[in-house]
Structures are given as C-alpha cells and as structure tokens.
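# A structural walkthrough
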Amino acid sequence: MENIPADNSGQIDRRMALKWIGAAAAAAAVFPHASAQDKLPRPAATPTGQRIGTDPVLNKNYVPGDLWPLTLTPKQRKAAASLTDLIMPPDNPGDKLPSQLGVQEFIDEWISSPYDETSKDRPVITEGLDWLDAEAQRRFQKDFADLAEAQKCAIADDICGKTPVKKEFKSAQNFFGRFRYLAASGYYTTPQGWKDVGYVGNVPTVNFDGPTPEALKHLGLA
Amino acid sequence: MAIITEKDLQATYDVIVVGSGAGGGQSAYTLTMNGVKVLMLEAGRNYDPVTETPMFQSRADAPLRAMSTKEKPFGFHDATVDGGWEVPGEPYTQASTDPKQRFDWWRSRMLGGRTNHWGRISLRNGPYDFKPYSRDGLGFDWPLSYDDVAPYYDKVEMLVGVYGSNEGLENTPDSPNGTLLPAPKARAGELYVKKHVAKFGIPVIPIHRAILSTRQDHVNFPARLHPNNPKAQKIIAKAMQERAACFWATDCGRGCSIKANYQSTTVHLPPAHATGNLDILCNAHAREVTVGTDGKANGVIYIDKVTGQERAVKGRAVILAASSGETARILLNSKSNRFPNGLANGSGLVGKYIMDTVGAGLGGSVPAFENLPVHNEEGAGTHVYIPWWLYKDASKLGFARGYHIEFGTGRRMPGLGTGGASPGYGKSYKEEVRQKYGAGIGFSGRGEMIPNENSFCELDPTVKDKWGIPVLRFHWKWSEHETKQAAHMEATFAMMIDAIGGKARNPQADGSKAIDTGGRIIHEVGGAIMGADAKKSVTNQWNQCWEVPNVLLNDGSAFCSNADKNPTLTIMALAWRATDHLIEEMRKGNL
Ligand SMILES: Cc1cc2nc3c(=O)[nH]c(=O)nc-3n(C[C@H](O)[C@H](O)[C@H](O)COP(=O)(O)OP(=O)(O)OC[C@H]3O[C@@H](n4cnc5c(N)ncnc54)[C@H](O)[C@@H]3O)c2cc1C
Ligand code: SF4
C-alpha cells in the first residue's frame, strides 16, 4: 500500500478507495456464519442523515453522531473498541486506550455516513465485527471483547496478514486491513495520537527553527 | 467590513467591481485608496477569517476526520465556502465526453474567493514570460514587458507581504532590496533533496510565498506604496500593524485568523473599507454588464441571491474580476443590439484561449527520512522549490517552455491514512507507524501551457443555472508540448526520488496519462486575451476592453500566456497597473 504525500494527508487516496470497493464487494459475499450467530438486529442498509454541506461551521468541534445517527449495535461497538485497543495498545504511561478516545465511534460515524466513499466500508466492517464475535464464540465460547489477550491475538494473528493467511480467512483479512486503516486514522488524528507518532506542530512558536542538529546529523547534513 | 444590504445602495458609483478575490480585492484597494467610490458585487456570502477560521482544530474535531467530500473536496477545514468542483445550482458542461478533453472548474462562492484557501505561492513572471512568441514562435507576446510590470510586482509584494530570497537566476526575477520578507529555513527533507539533486544541476531555492515570516515594515512601506497620498499611507500603516507574523504551526489552506498570510478578506478589503469609499454587496451574482446609448458600460445587472430577484446598479466604469471563466461568461451573457455576440466580443475572442497549468505528480517513500528526530516541521507551506533550470536546453527537450517543481516533505498534521499501510498490530505495528510517518515525499510539476485553438469556453446553447443564466461549456485539448512536458516531469521526479534513495510509487512514462485533467491545477487564466491589435485581442495592455474602454478585466482573463509561475501575483500586479491607468483616464475625462 502507499504512503500519502505529506501535503495531501487530509484526502482519501483514490487508488486506496478503489481497492476497498473491491474488498467490500468481496466481503459482502463471504462471512457465511456471521448472521446465523448474531441474533442482534442488523443496522439499516442505507444510512441516511444530514450531509456535511457546502457551508458547515468550521471552527466548531464535532463528535460522531452530531451530523448523522450512529448505527453499530452495542455488541458490534464493543467488539470494535476491543479490536482498536488490541491494534494500538498505549506505549506511554498515562496514555489513554484508543477506545477511551472514541476511535470506535469514529469508525461508527464513518460507516454510518451518507457518502459513497465511506458506506462502501459498511458491509466490510459490520459483517467483519459480527464474524469476529462468531469466531471468538466458535473458538473460545465468548464474545471477542471478553477474551483474554492471548485469545484475541490467536484470532488476530490468523487474519492480520503478517504471516500467510489461510484461504478461509481471506475475507476476515480484508476486514482486518480496512478496520486497521480506520482505527489508525481515528487514533493518529487525535492529540494523543500526534504525540505518539511524533507530530509536534499545531503549537504557536515565534520563530521557525528549522531542523534540529540531531535531525541534520541523522540525514548526514550536519 | 463595509457590508451593505440592498437598501443602502447608492444611486450610482464611480466604479463597480465584480468579484472580491485577488483581482477584485486589488482593484477595490487601489481605487478606494485614491478616493474613488466603489461598489463591490460578490456572489458568495460574507466571510470573516478572523472569527471563522478553524486555526487549531485537529482532524478529529471534524466529521469523518476531515475527509474529502464532494461538498468539501479539499477536506472539511479547507477555507472554501459553497464551492468546489461543483457548485449546487450552478452547473457547467463539457463539449466532449472524452476524459482527456475535460475541463474541471474550481470555484468558491465567498467573500475573498479562492484567496482564502490558495497555496500562496507568489512567483514573478520573468522577462521571457512576457515575450514567449518572440522566443519560440508559439502563442502570443504580451503587449507589455517585464519592466512595465516590475514596479507593480514590487508594490504587491510589499502590500501583501511575500517571503522569499533573491537568487539571481535566469528568468526568475529578483525583487528590490528590502521588498521581500526573509525566507524561512528549509526543512530537513528539503535540505536533503537539495544536497542530492545538485549533481543534476537542479537548484533548490527558497520559494516565494504570500506569508508574513516577519511583520511588515509599516514605517517605510506605506510611503513606497502610496507616494504623495498621506491618507492612504496612514490607513495602510495601521492595517499592516493589525497583521501578526506567522507562528509556524498550522495549515494555511484553512485561512489565517491572525492575518499572517494573504487573503483578500484580511489584506485588501480592510484598508479599502477604512477609506470609507467601499460598499460591498454580498450574495449578488452579476449576470451582465449594461451599456448606454453611447456604447459605454453604465452598470451591472445582478441576481440578489437571497430573494432571487434581478436588480440593476449604475456605475461610470465596471471592473470584472469574477475569475477568468466567470468573467468570460458575464461578457458573453451581456448581449445587446450593439453587441449581439456579447460585450467586447467583436473579435470573437471572448472565451477563447483558456489556459491552466501543466500538472503531473509523483510520490515515493524515503527510508532516509525514517525515525528522524522529532521537531516541528509545520507552518507556511513548503519552504523551497525548484525553478525551471533547463533554459539552455530548450531546443533539445522536444517541447516548448518549462516547469517548476514544488515538493512536500516532513511531519505534517496526521490525517486519514496515517498508519493505515503498516502490517500487523500491537506494539510492533505502532513502532512501524512511527518509523514510516513523515518518511514520504511528493513532487508536483507546474508547467507552462501554450494557448491553443481547441481550448475555449462558450455559452451552452441549452443549459442554464438556477437563475436562468446560460452556463459555460468547455472545450479542452492539451497539445504535445504539454504532454511531453508531463512525461519529462515524471522522469525527473523518478530520477530525484532515486537520488535520495527513495522508492517511487509508479512513474508514468506516457505524458498523456501523467498529465492532470485540464483545470485541476486551478490556475485558470485566459478567455479574453490582451494584445496590441484590437482585431486579435479583447483588451489592451491595461486590461481595458478595446470596444468598451470603461470595462476592465482585472482577473486572469486577459492573460495571453500562462508561464509556469503561479498566476496570482501577476493578476494582482496587472490589476493594480490597470486600475492606476483607469483612475488616470477618469481624471482626464477620457472615460
Ligand atoms: C487550492 C488552490 C491553491 C492555489 N494555489 C495557488 C498558489 O499557490 N499560487 C497562485 O498564484 N495561485 C494559486 N491558486 C489560484 C488562485 O486562487 C487564483 O489565481 C486567484 O484566486 C484568482 O483570483 P481571482 O480574483 O481571479 O478569482 P477568485 O479568487 O476566484 O475570486 C473571484 C470572486 O468572484 C466571485 N464571483 C464569481 N462569479 C461572480 C458573479 N457572476 N458575480 C459576482 N461575483 C462573482 C466569486 O464568488 C469569487 O469570490 C490556487 C487555487 C486553489 C483553489
Ligand atoms: S502557518 Fe502561519 S500564515 Fe499559515 S495559517 Fe498558520 S499562522 Fe497563518
């Protein structure tokens, strides 16, 4: 997959979007046992709700749910929170869990929104989360969120793609990749995520100091 | 701001200015500072960057992490109101269904227009750029020279505040000492590129950008800007003091609430307002220029967008600066018995020779940038660029003219996609995200397009906007000069990415595939070109329509070539020059 150029990080990468359209179509067809296990009502097929519009108030802080209703079921949201925390565990003392920063709510906002680009992810994410709980039940007789860390990892290792993925987990792998993309986007855009990844802008300074001596040395420019 | 409502309209004005962006803002500024009474008509809503700019919002504060949507194509926080590639109720059409013949038209409908969110790259055209035909027999010479425009470049740079440096390079003009503000230091990645591409003879130098790296010289600039005009000096000195210097923290595309960068709304309009000579009517969409029995323009008909009703205002002269496409549209829609093909269109050239910039891009990942010690790299866009460096090779390249290169590196505010590409999960995953973050580079070429017969706009015979006004239909075709240039850009980018040890994404050898769709670089100019001969052009060197001398076209529509240099600084310099001439002519009683 590709890096997004520095000056373009706010925009969805077209090629990435197209790739995921393919993934979404594939996922809708597989996940055979998800709906059988999950008796909870499924979210509405076509999200509706207010769009962003061409003249929204810009200097206001929005939270997921402000513009359109969120649609993950409580069970799906729990699984999403748990998987988010598994993907991005806090490294620094005092850091919050991504789920405490509302990353799963961003994912919910995303798949519930009335845009073509985002609603493509809806079947991938909802069916994937259902699959995750179904798989946790199948292996360990518990929902994903209630598993021990090692049990969560057992499932995640099979689908995360770091080692070759078995054929029966291909759609779960698609789900995992897309979920991780959204979870990381949700997390690294928060002030804690900034610090975590090494972004220290957005703080006024009198002078632009340029690269530090250490940075110049790192690049052989000192 | 002197925002008025319809009931406060005066019976008549000295000059009506249509549009409030770079061209309209500069025109209104120059007029009002000289005591001329102006009405500005702006199709968009009133907009105040001081109170409306989302300066410090994180992307997590925006819906969908500020994703690009149809309604906000450059992301949620971008300072574009009611605009984008499509404006609801205001369509435009394509003459061809061939994607290669498309023209995409970016508009914004707000006070200040596109200047609220533009990139603020402010490069002067050089001496060659005004005489391209004389150099290679293609396109048109301008009916003026660099020396005619230089004093106005000086003034615009002082007025709006431009940082940069003087490098003494070919066709890349220096500014007089003390005119530019100091260039900010280059970023780590920018220096790295500079070092590693030097062997190709490619220069990496400070860019010029309309951003206050330091505060303006409010003691000396006013007298240089407005000699013998104490009132204007006083007003602009005060306005300069109301602007802060950049604090190197945020994304200028959102606009700047501390007025550290140039937006018409923070730089041109406040002092113009302070003169007491400016009325601004927002939500007023100009439809046509009206003409008196003497054949001169005498006013403008506009749609009051709040009520949907048609209104008329009177003025002794009219300046159109609605963005070049829209200016051509207004002229074409201004039909009368005297001007059956539209105003100032006896030559049939209104709408002809529209131009954009040649654009192609290539990104890559750069291992050398991984794990760079953390420091602030935010603020004021990219700090360096590569001016066109192959003037001496012109005959060997296989295409005419040239391009400059803009490139982005560094750790900028994380957005959608940050971390999305790394494998696995957990601690090792996060480690890799940290390693890769900011370790990318994106190159963009910005090159000269030569005006051609196949790129023009006209009124669509059937389609109308929601007020019943005929809309534009675009014809577009790149020539081989442009597509070959795009291929050259791609090869150069690949070479440079290789030289810094990076991995290019996928360079496109076929220039016709590498080149961006027409209009996509949003350097829309032309459509009413200037010239020395009234039969072969729409305006003279003072943006003054040959057939209707009290109508000026002060946006990019009168451009008869489109150098690789981004157009806005030149739009402002020419608008100032043209407006000075208009004032002179009005004083002499010639209009
Ligand atoms: C993302 C982006 C980045 C850019 N970066 C750069 C850069 O780095 N350097 C550079 O030189 N240029 C850049 N540009 C281009 C620059 O914005 C334009 O060249 C400049 O704004 C042109 O000024 P203008 O006055 O002609 O038009 P505008 O700024 O578009 O202003 C036109 C105004 O007229 C109004 N209007 C339109 N029609 C009517 C009507 N019928 N009646 C009344 N009002 C009307 C519009 O609402 C608008 O406010 C960029 C543009 C964009 C979008
Ligand atoms: S970087 Fe500087 S000029 Fe740009 S918006 Fe921030 S403070 Fe203003």
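Residues numbered from 1 in each chain as written. Chains lettered and ligands numbered in written order. Predicted model: local features only at pLDDT ≥ 70, side-chain atom pairs only at ≥ 80, totals over all residues. Heavy atoms only, no water.

In the region of ligand 2, the neighbouring residues are Ile-211, Cys-246, Phe-247, Thr-250, Cys-252, Gly-255, Cys-256, Ile-258, Ala-260, Asn-261, Gly-379 and Ala-380 of chain B. The residue inventory of the shell around ligand 2, partitioned by class, reads eight nonpolar, four polar and no charged. (Near = heavy atom within 4 Å. Nonpolar A, V, L, I, M, F, W, Y, C, P; charged D, E, K, R; others polar.)

Glancing now at helix α3 (residues 74-87) of chain A. A rise of 1.5 Å per residue sets the reference length of α3 of chain A, with its 14 residues, at 20 Å; its end C-alpha atoms lie 20 Å apart and thus fit the reference within 8%. The buried count for α3 of chain A comes to 10 of 14 residues, which makes it a mostly enclosed element. Burial in α3 of chain A covers these residues: Gln-76, Ala-79, Ala-80, Ala-81, Ser-82, Leu-83, Thr-84, Asp-85, Leu-86 and Ile-87 of chain A. Where α3 of chain A is buried, its residues touch α4 (103-112), α6 (121-140), α7 (149-159) and α8 (170-188) of chain A together with α10 (426-436) of chain B. (Helix = DSSP H or I, 4+ residues; strand = E, 2+ residues; numbered from the N terminus. Expected span 1.5 Å × (residues − 1). Buried < 20%, exposed > 50% of the residue type's maximum accessible area, 1.4 Å probe, protein only. Contact = heavy atoms within 4.5 Å.)

Val-18, Leu-41, Val-160, Ile-441, Phe-443 and Val-551 of chain B are the most contacted members of the largest nonpolar core, which totals 123 residues. Ranked by residue count, the leading element in this core is helix α4 (residues 146-161) of chain B, at nine residues. Those residues within four positions of Ile-441 of chain B in sequence are excluded, and the remaining contacts are Val-193, Leu-362, Gly-363, Gly-364, Val-366, Phe-369, Phe-407, Gly-408, Thr-409, Ile-497 and Ile-500 of chain B. Ranked by size, the runner-up nonpolar core spans 57 residues in total, among them Leu-58, Ala-79, Phe-176 and Val-197 of chain A. (Core = buried A, V, L, I, M, F, W, Y, C linked by side-chain atoms within 4.5 Å.)

A few words now on the sheet that holds strand β14 (residues 456-464) of chain B. Residues and elements named next belong to chain B. Here three strands make up an open sheet; going across it, the order is β3-β15-β14 and the pairing mixed. With partners counted over all chains shown, the strands left at the sheet margins are β3 (93-94) and β14, one partner each. Bridge analysis of β14 against strand β15 (residues 470-475) gives five bridges, and the strand direction is antiparallel. Looking at the pairing, Phe-456 lines up with His-475 of β15. (Pairing = 2+ DSSP bridges.)

Moving on, we come to the side chain of Ser-213 of chain B. Take Ser-213 of chain B: it is sitting in the loop between β4 (205-206) and α6 (221-225). Among the polar contacts listed, one links the side chain of Ser-213 of chain B to the backbone oxygen of Pro-182 of chain B, at a separation of 2.6 Å. (Polar contact = N/O pair within 3.5 Å; in protein donor to acceptor, adjacent residues only side chain to side chain.)

This part takes up the pairing of strand β5 (residues 278-281) of chain B. All names here are of chain B. Judged by which residues are buried, β5 turns out to be covered on both faces: Leu-278 and Ile-280 on one side and Asp-279 and Leu-281 on the other are all buried. One ladder, built from four bridges, connects strand β2 (residues 38-41) with β5; its direction is parallel. Across the sheet, the residue bridging to Leu-41 is Leu-281, located in β5.

Below, the discussion takes up the site of ligand 1. Residue and element names in this part refer to chain B. Around ligand 1 sit 37 residues, and of these Glu-42, Arg-114, Gly-119, Ala-286 and Thr-568 come closest. Here an oxygen atom of ligand 1 sits 2.9 Å away from a polar atom, N or O, in the main chain of Gly-23. A distance of 2.8 Å separates a nitrogen atom of ligand 1 from a polar backbone atom of Gly-119. For ligand 1, the accessible surface in isolation is 990 Å², of which the surrounding protein chains cover 95%. (Areas by Shrake-Rupley, 256 points an atom, 1.4 Å probe, with all protein chains shown as cover.)

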